[in-house]
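# Inside the fold
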Amino acid sequence: MSSARFIPWAEKYRPRRIQDVVGNEEAKKEYVAWLNSWIRGKPSHKAVLLYGPPGCGKTSIVYATASEYNWELIEINASDVRSREAIQSRVFPAIQTGSIYGYSGKIILIDEVDGVWTREDVGGMDAIIELISKSRYPVVLTANDPWDPKLKDLREACKLIEFKKIGKRDVIRVLEDICSREGVHCDRDVLSAIADNAKGDLRAAINDLQTIAMGRKTISLADLQILGERAEQENMFEVVRTVLTAKTPEQALSVTRLPSLDYEMLIQWLSENIVAQYTPSYRAIADAYDALSMADIYLSRMKREQIWALLPYALELMTAGVASARERPPFKFVKYSFPEKLRILSRIKTKREKFVEATRNAARLLHVSTSTFRTEFLPYIRLINSYNPEQARRILASLGINEETAKYILET
Ligand SMILES: Nc1ncnc2c1ncn2[C@@H]1O[C@H](COP(=O)(O)OP(=O)(O)OP(=O)(O)O)[C@@H](O)[C@H]1O
């Protein structure tokens, strides 16, 4: 199987030119005008903060302008900007030296600044502000939520440009273009449904299209069922993707702040999908499962002994712990699957319910706990059943278990 299949389409089709970045015309104009003010040598501000919802083109416009202007793009990732020392040693040299041969300028991009700082980070914010004031080149920052109190000083040092969700028509246009370049035939109704579902997040729309198109050359409305199932599980897909592709432990941890997070489910989902995302790195897979199994131990101790203070540790392990696995392979697009364990459990749900009810009744009649009944009585009844089914059924009947339920008790 060629690895090209796994390149996320959202990356493969990231706009190369300014005109390919769709929507947000005003914001784009304002941003380009600011860049041009640098070319004229009189920048109105040394930095801009592009802000807005995910997947609307904030990072893409920076890439596109860098390539059109033939400027070297210095991208500083979140972990580089967390402490003053890191910024001074790694970033300052880049903002003060000339650009390398072949480029006519330089642009500094610090992506997703709102995800960067935590209370423990020392001086990172001040260092960024210092970086902006000393930089000889335009500095671009991006954020989803610029009103985060952490960003107050940064806001004052930047020109703010708002990006909004992408309109449905533009989303469809981009999806159509991708379909034609991928040789996939897709009805307009399908694209329209994908666009509705993505709610203005173009990255999500492209990811959905790729999910549905996997292994197909024609997509019809019927195939949208995948999206229907996905709508139900949408949160989980996103949560799993956030954890397994987090660039920093904090990003992974952010899912624990979701009010609707079902952490028992999350463990099942991660357990099902870690291998797909972290293959081929055995080390990453092993580390991730180690973290997950510790989380599982904490959770069961928490429940058994009612020590609720263990919950934060379990949550950190299953998110930041999993995301901190060593040697994680570069991000590739994988289709996440529903946990097999839950599928099996739901298939045998009726059977299990009958079993639980029957053992509960029998245990009550015998004046023992259900677990004693299961471990100390049931094996003998099953043994008797293998030699003399009639006798076993008589014993069960005396315990109030009828013919039909006896079947579940004896089989399970
Ligand atoms: N306006 C757009 N025009 C064309 N493609 C876009 C646009 N916005 C997003 N995309 C697609 O979605 C992908 C992600 O977009 P981008 O990284 O620019 O989002 P962002 O706004 O920076 O989001 P985030 O806040 O999550 O970083 C791009 O690689 C591209 O494929």
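Nothing here was measured: the structure is a model prediction, and the numbers come from that model.

Scoring rules and cut-offs
- Residues numbered from 1 in each chain as written.
- Predicted model: local features only at pLDDT ≥ 70, side-chain atom pairs only at ≥ 80, totals over all residues.
- Heavy atoms only, no water.
- Helix = DSSP H or I, 4+ residues; strand = E, 2+ residues; numbered from the N terminus.
- Buried < 20%, exposed > 50% of the residue type's maximum accessible area, 1.4 Å probe, protein only.
- Contact = heavy atoms within 4.5 Å.
- Areas by Shrake-Rupley, 256 points an atom, 1.4 Å probe, with all protein chains shown as cover.
- Pairing = 2+ DSSP bridges.
- Axes fitted to C-alpha atoms, helices over the stretch in contact; angles between N-to-C directions.
- Patch = residues over 30% accessible without salt bridge, like charges linked within 9 Å, V, L, I, M, F, W, Y side chains within 5 Å.
- Salt bridge = Lys/Arg side-chain N within 4 Å of Asp/Glu carboxyl O.
- UniProt positions renumbered as here; feature names shortened; annotations may be inferred.
- Near = heavy atom within 4 Å.
- Nonpolar A, V, L, I, M, F, W, Y, C, P; charged D, E, K, R; others polar.
- Domains from an automatic or database assignment.
- Phe/Tyr/Trp six-rings, centres within 6.5 Å; stacked < 30°, edge-to-face > 60°.
- pLDDT = per-residue confidence, 0-100.
- Disulfide = S-S within 2.5 Å.

## With respect to the overall build of the protein chain
- Across its full length, the protein chain carries 19 helices and 7 strands.
- The 412 residues of the protein chain split such that 46% are buried.
- Sequence-distant contacts in the protein chain: of pairs separated by 6 or more residues, those separated by 24 or more amount to 75%.
- A total of about 21700 Å² of accessible surface is found on the protein chain, and carbon and sulfur atoms cover 53% of it.

## Re the sheet that holds strand β3 (residues 105-110)
- Here 5 strands make up an open sheet; going across it, the order is β2-β3-β4-β1-β5 and the pairing parallel. Of all the strands in the sheet, the pair left with one neighbour each is β2 (71-76) and β5 (159-162). Taken pair by pair, the neighbouring strands of this sheet meet at an average axis angle of 25 degrees, ignoring direction.
- Packing of helix α5 (residues 124-134) onto the sheet brings it into contact with β1 (47-51), β3 and β4 (139-143), and relative to β4 it is tilted by some 145 degrees.

## What about a nonpolar patch on the surface?
- Together, Y380, L383 and Y387 make up a nonpolar patch on the protein surface, roughly 420 Å² of accessible area in all.
- Within the fold, Y387 resides in helix α17 (residues 370-387).

## As for the UniProt feature "binding site: ATP" (unreviewed entry) in the protein chain
- Here the UniProt feature "binding site: ATP" (unreviewed entry) sits at G52, P53, P54, G55, C56, G57, K58 and T59.
- Examined against the element boundaries, G52 turns out to sit in the loop between β1 and α3 (58-69).
- Judged by relative accessible area, which is 6%, G52 ranks as buried.
- The residues contacting G52, other than those within four sequence positions of it, are K58, A143, N144 and F163.
- In this fold, G55 is placed in the loop between β1 and α3.

## Considerations on the site of the ligand
- Close to the ligand lie 20 residues; A10, V22, K58, T59 and S60 are nearest.
- About the coverage of the ligand: the protein hides 97% of its 620 Å² of free accessible area.
- Elements with a minimum of two residues in the shell around the ligand: α3 and α9 (202-213).
- In terms of residue class, the shell around the ligand is built from 10 nonpolar, 5 polar and 5 charged.
- Taken domain by domain, the makeup of the shell around the ligand includes at least three residues from each of domain 1 (9-162) and domain 2 (168-227).

## Details of the pairing of β5
- Across the two faces of β5 the burial differs, with K159 and I161 buried and L160 and E162 not buried at all.
- Note: β1 against β5, 4 bridges, orientation parallel. In the strand pairing of β5, L49 is matched with L160.

## Remarks on the pattern of salt bridges
- Applying the stated criterion to the full structure yields 19 salt bridges.
- Among the ionic pairs, K303 bridges to E264, the shortest N-O distance being 3.0 Å. One end of the pair, K303, is in helix α13 (residues 282-305); the other, E264, is in helix α12 (residues 263-278), and 39 residues separate them in sequence.
- A residue is classified by how much of its surface remains accessible, and K303, at 38% relative accessible area, is partly exposed.
- Assessed through its relative accessible area of 36%, E264 is described here as partly exposed.
- Across the pair R326 and D287 runs a salt bridge, and its minimum N-O distance is 2.7 Å. Here D287 lies in helix α13 and R326 lies in the loop between α14 (311-323) and α15 (340-347), a separation of 39 residues in the sequence.

## Some points on the environment of R181
- Its location among the elements puts R181 in helix α7 (residues 168-182).
- What makes R181 exposed here is its relative accessible area of 53%.
- Along the sequence, R181 and Y13 sit 168 residues apart, while their C-alpha atoms lie 9.6 Å from each other.

## Re the pairing of β1
- In terms of residue burial, β1 counts as a mostly covered element, since 5 of its 5 residues are buried.
- By the alternation rule, side chains of β1 split into A47, L49 and Y51 and V48 and L50, which are all buried.
- Of the pairings in the sheet, the one linking β1 to β4 comprises 5 bridges and is parallel in character. Along β4, the bridge assignment pairs A47 with V139.

## Considerations on the packing of aromatic side chains
- Throughout the structure, instances matching the rule amount to 8 aromatic pairs.
- The interplanar angle of 35 degrees and the centroid separation of 6.0 Å between the aromatic rings of Y31 and W34 together place this pair among those described as tilted. Of this pair, Y31 and W34 both sit in helix α2 (residues 25-39), 3 residues apart, roughly one helical turn.
- Between the aromatic rings of W269 and F338, the centroid separation amounts to 5.6 Å while the plane-to-plane angle is 80 degrees, which identifies the pairing as edge-to-face. Linking W269 in helix α12 with F338 in the loop between α14 and α15, this pair joins segments that are 69 residues apart in sequence.
- W269 gets classed as buried once you look at its relative accessible area, which sits at 1%.

## Observations concerning the confidence of the model for the protein chain
- The predicted model of the protein chain has a mean per-residue pLDDT of 85, with 90% of residues at 70 or higher.
- Model confidence for the complex: the whole-complex pTM is 0.60, and ipTM, which rates the interface, is 0.97.

## What about the state of the cysteines?
- Scanning the model with the defined rule gives 0 disulfides in all.
- Between C186, a cysteine without a disulfide, and C179, which holds the nearest cysteine sulfur, the sulfur-to-sulfur distance is 4.5 Å.

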